[in-house]
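Chain by chain, the residues run as shown.
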Amino acid sequence: MDHYNHEFTRQLDAIDQLTEAFLKYKIKLFESKHNEPDLRMNPTKYHILKAIYQCGSCMVVDISRQLQLSSGATTISLNQLEQDELIVRLRSKEDRRTVKTTLTDKGKRVIEEAMHIRNQLLVDMLEPLTPEEQEQFFRLTEKIAKRLSKKIEAPNAKEAGS
């Protein structure tokens, strides 16, 4: 293997290591601060809870649109969140097709804990970096995220590469 391929592989491995460490630490923080081990939290349910927390009461279709989820995926997650007593779904008296979701007290507590844990994760992650390195890290992360978003949104692969 030539030097370029070896270096490229090393760089990809470093990204994989960062991603894995980040996710493992995030799970460890959540488990250490959350008292309910049977709670089935995943990123989709976290984002749904956060969306409901931010809007107070959301229509199911708005959650699907905002998070770019299929109605089936949204329904499955909402069913689980309802079973875990984190949300309630209420049908409109005026239009039975309209369903709004709100957080229960338990749901508010869980999402506030999750957001606190997320903040702690960021603090812990950035701790070894100087303020200048932190700023550079975020600039580079935003630049990479924007570029990948353009590639995702591009109508075909040829345009994505340009």
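Coordinates for the structure precede this section.
Remember, predicted model here, so these are calculated numbers, not experimental data.

**Here we look at the packing of helix H2 (residues 43-55) against helix H5 (residues 105-126)**
Helix packing for two helices is described by the angle between their axes and how far apart those axes are.
Then comes step 1: Between H2 and H5, the least distance of the axes is 10 Å, while the angle of their chain directions is 110°. Between H2 and H5, the crossing angle belongs to the class labelled roughly perpendicular. For the element pair H2 and H5, the recorded crossing hand is left-handed. Of the residues in H5, those in contact with Tyr46, Leu49, Lys50 and Tyr53 of H2 are Val110, Ile111, Glu112, Ala114, Met115 and Arg118.
Then comes step 2: Tallied by class, residues from the contact of H2 with H5 come to seven nonpolar, no polar and three charged.

**Notes on the state of the cysteines**
Then comes step 1: All chains considered together, the criterion is met by one disulfide.
Then comes step 2: Here cysteine 55 pairs with cysteine 58 through a disulfide, and the sulfurs are 1.6 Å apart. Measuring handedness by torsion sign, the sulfur bridge of cysteine 55 and cysteine 58 sits at about -115° and is left-handed.
Then comes step 3: Classification of cysteine 55 as partly exposed rests on a relative accessible area of 39%.
Then comes step 4: Since its relative accessible area comes to 7%, cysteine 58 is described here as buried.

**A short note on the sheet that holds strand E1 (residues 58-59)**
Sheet strands pair via backbone hydrogen bonds, and the direction of the pair is either parallel or antiparallel.
Then comes step 1: Read across the sheet, three strands follow the order E1-E3-E2 without closing on themselves; strand pairing throughout is antiparallel. The outermost strands of the open sheet, each flanked by one partner alone, are E1 and strand E2 (87-91).
Then comes step 2: Relative to strand E3 (residues 99-103), E2 is paired through five bridges, and the arrangement is antiparallel. Paired with leucine 90 across the bridge in E3 is lysine 100.
Then comes step 3: Against the sheet, helix H4 (residues 71-83) engages E2 and E3, with an angle of about 115° to E2.

Rules behind the numbers
Residues numbered from 1 in each chain as written. Predicted model: local features only at pLDDT ≥ 70, side-chain atom pairs only at ≥ 80, totals over all residues. Heavy atoms only, no water. Axes fitted to C-alpha atoms, helices over the stretch in contact; angles between N-to-C directions. Helix = DSSP H or I, 4+ residues; strand = E, 2+ residues; numbered from the N terminus. Parallel < 35°, antiparallel > 145°, perpendicular 65-115°, else oblique. Left-handed = near helix turned anticlockwise from the far one by under 90°. Contact = heavy atoms within 4.5 Å. Nonpolar A, V, L, I, M, F, W, Y, C, P; charged D, E, K, R; others polar. Disulfide = S-S within 2.5 Å. Buried < 20%, exposed > 50% of the residue type's maximum accessible area, 1.4 Å probe, protein only. Pairing = 2+ DSSP bridges.

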